Every structure is written in structure tokens, then in C-alpha cells.
Amino acid sequence: MKRYLSGILIGLSGIIIIVGNMLDLYWSGIAAWGVSIILLICAAYFTKYIPNDRKNKPKER
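Residues numbered from 1 in each chain as written. Predicted model: local features only at pLDDT ≥ 70, side-chain atom pairs only at ≥ 80, totals over all residues. Heavy atoms only, no water.

Q: What is the right way to read helix α2 (residues 28-45) from this model?
A: Counting along an α-helix, one turn takes 3.6 residues, and residues three or four places apart therefore face a common direction. With 18 residues, α2 extends 26 Å from end C-alpha to end C-alpha; this agrees with the ideal 26 Å at 1.5 Å per step. Looking only at α2, the buried set comprises Ser-28, Gly-29, Ala-32, Ser-36, Leu-39 and Ala-43. The arc that holds the buried residues of α2, viewed along the axis, is 95 degrees, so those residues lie on one side. Turned more than 90 degrees off the buried face of α2, the exposed positions are Ile-30, Ile-38 and Ile-41. Those residues of α2 that are buried are in contact with α1 (5-23). (Helix = DSSP H or I, 4+ residues; strand = E, 2+ residues; numbered from the N terminus. Expected span 1.5 Å × (residues − 1). Buried < 20%, exposed > 50% of the residue type's maximum accessible area, 1.4 Å probe, protein only. Arc of directions from axis to C-beta. Contact = heavy atoms within 4.5 Å.)

This is the structure:
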């Protein structure tokens, strides 16, 4: 499940930005960008759980 969190969090941040800008409330834009930045930082953290195929392959000569 952890390998998919990066994609999920990036998608969620985009959805939050779109919804926050559509609401057109006083602080909704600032709050949406703040939450999106936090989600993008979390997505960057969870990229370490994405498997690396190069690491598992033996070197070819």
C-alpha cells in the first residue's frame, strides 16, 4: 500500500487545489495551497517505498 501513497497524495493535492479555488471563500485558497504543500511533502517522503527495478537486476556486461 505504501508504494501507491505518492500517487494518491499527489492526486489529492490537485483535487484540493481545484475545490479550494472553486469555493471562493475568504481563506479557502490559502488553506487549499497549505494543505496541498503538506500533501506534496508527504508524497515526496513516500517515494522511497517505490520499488527500484535497477537495484534488483544483475549487471550486464
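Q: Is there a simple way to explain α1 in this structure?
A: Helix length check: α1, at 19 residues, gives a terminal C-alpha distance of 26 Å against a target of 27 Å (1.5 Å per residue), a fit within 8%. Those residues of α1 hidden inside the fold are in contact with α2. Directly beyond the C-terminal end of α1, a positive phi value near 55 degrees is found at Asp-24.

Q: Explain the side chain of Ser-13 here, please?
A: Considering the arrangement of structural elements, one finds Ser-13 in helix α1. Taking relative accessible area as the criterion, Ser-13 reaches 4% and is therefore assigned buried. The contact partners of Ser-13, leaving out residues within four places of it in the chain, are Ser-36, Leu-39 and Leu-40.

Q: Please explain unusual backbone geometry as it appears in this structure.
A: Peptide bonds are, in most cases, trans, and in most cases residues other than glycine have a negative phi. A positive phi angle, close to 55 degrees, is found at Asp-24, a residue other than glycine. With respect to the helices and strands, the residue Asp-24 is situated in the loop between α1 and α2. Judged by relative accessible area, which is 66%, Asp-24 ranks as exposed.

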